[in-house]
Amino acid sequence: GGLEVDFAAREVRVDGELIELTPTEYLLLEYLARHPGTILPHQALLSHVWGDEYAHDTHYLKVFMHRLRRKLGDTAGHSRYIQTGRGIGYRFVAAG
């Protein structure tokens, strides 16, 4: 639904427009996109992207998730691609 993630090329497009992501933002999106519809716990995302030593440092995750959502066009009132599971983690969803 408007979002294309090319895992081989490590490119992301929204509505056909190439989106520049940092390596960290890309890792977050890739991990979420590979598990669509599943709420991934904060600790799992932190461990995957930053390593086990950051598994409980949710501030990093919140900052980068905010930046990623903004770049994808998600807004506070309308999350097209990433939903928050309050107190649990995040889920990748199809646009709607």
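All values reported here derive from a predicted model rather than from experimental measurement.

## Quick notes on the overall build of the protein
- Assigned secondary structure in the protein consists of three helices and six strands.
- What you see for the protein is a C-alpha radius of gyration of 12 Å, in line with the 12 Å of a compact globule of 96 residues.
- Each of the three principal axes of the protein carries a C-alpha extent, and together these read 35 × 30 × 20 Å.
- Residues counted as buried form 38% of the 96 residues belonging to the protein.
- Within the protein, counting contacts between residues at least 6 apart in sequence, those at least 24 apart form 43% of the total.
- Taken as a whole, the protein presents about 5500 Å² of accessible surface, with 49% of it coming from carbon and sulfur.
- Seen as two clouds, the 11 positive and the 12 negative side-chain charges of the protein have centres 7 Å apart.

## Some points on the side chain of glutamate 25
- Positionally, glutamate 25 belongs in helix α1 (residues 23–33).
- Engagement of the side chain of glutamate 25 in a polar contact is seen with the backbone nitrogen of threonine 22, the distance being 2.8 Å.
- The contacts of glutamate 25, once residues within four sequence positions are left out, are Glu20, Phe64, Arg67, Leu68 and Lys71.

## Quick word on the packing of α1 against helix α2 (residues 42–49)
- Closest axis-to-axis distance for the α1/α2 pair is 10 Å, and the angle between their directions is 130°. Regarding the angle of α1 to α2, the classification is oblique. Seen from above, α1 lies across α2 with right-handed handedness. Counting all contacts with α1, which are made through Thr24, Leu27, Leu28, Tyr31 and Leu32, the residues of α2 involved are Ala44, Leu45, His48 and Val49.
- Classifying every residue of the contact of α1 with α2 by side-chain character gives seven nonpolar, two polar and no charged.

## Focus: the sheet that holds strand β1 (residues 3–6)
- A sheet is described by the order of its strands in space; here three strands give the open sequence β1-β2-β3, paired in antiparallel fashion. One side of each edge strand has no neighbouring strand; the edge strands of this open sheet are β1 and β3 (17–19). Ignoring strand direction, the axes of neighbouring strands in this sheet form an average angle of 30°.
- Direction of pairing for β1 relative to strand β2 (residues 11–14): antiparallel, over a ladder of four bridges. Its bridge partner lying in β2, aspartate 6 is registered against glutamate 11.
- Contacting β1 and β2, α1 runs over the sheet at an angle of about 105° to β1.

## As for α2
- The complete set of buried residues in α2 reads His42, Leu45, Leu46 and Val49. With its buried residues spanning 95° around the axis, α2 presents them on a single face.
- In the stretch just after α2, glycine 51 is the one whose phi turns positive, near 110°.

Definitions and cut-offs
Each chain carries its own residue numbering, running from 1 in the direction its sequence is written. Local features in this predicted model are restricted to residues whose pLDDT is 70 or higher, and side-chain atom pairs enter the listing and the counts only when it is 80 or higher, whereas totals over whole chains, interfaces and linings include all residues. To get the side-chain values, take all heavy atoms of the structure and skip hydrogens and water. Put simply, DSSP H or I for four residues or longer makes a helix, DSSP E for two residues or longer makes a strand, and each gets a number counted from the N terminus. The quantity called the radius of gyration is restricted to C-alpha atoms. Its globule counterpart is 2.2 Å times the number of residues to the power 0.38. Only protein chains enter the accessibility calculation, which uses a 1.4 Å probe; a residue is then buried when its area is under 20% of its type maximum, exposed when over 50%, and partly exposed in between. Any pair of residues with heavy atoms lying within 4.5 Å of one another is described as a contacting pair. For the area figures, the Shrake-Rupley method with a 1.4 Å probe applies, and any residue is considered shielded solely by the protein chains shown. Within this scheme the basic residues Lys and Arg register as positive and the acidic residues Asp and Glu register as negative, but His and the chain ends are omitted. Working definition for charges: the position is that of NZ of Lys, CZ of Arg, CG of Asp or CD of Glu. In the analysis that follows, any N or O atom pair within 3.5 Å is treated as a polar contact, provided that within protein one partner can donate a hydrogen and the other can accept it, and provided that, for residues neighboring in sequence, both atoms belong to side chains. Here the axes come from fitting lines to C-alpha atoms, over the contacting stretch only for helices, and the angles between their N-to-C directions go from 0 to 180 degrees. Working rule for angles: under 35 degrees goes down as roughly parallel, over 145 as roughly antiparallel, 65 to 115 as roughly perpendicular, anything else as oblique. Left-handed describes a crossing in which the near helix is turned anticlockwise from the far one by less than a right angle; the clockwise case is right-handed. Gly counts as polar in this scheme, as do all residues outside two lists: the nonpolar Ala, Val, Leu, Ile, Met, Phe, Trp, Tyr, Cys and Pro, and the charged Asp, Glu, Lys and Arg. What makes two strands pair is DSSP finding at least two bridges between them. Directions from the helix axis toward the C-beta atoms define the arc.

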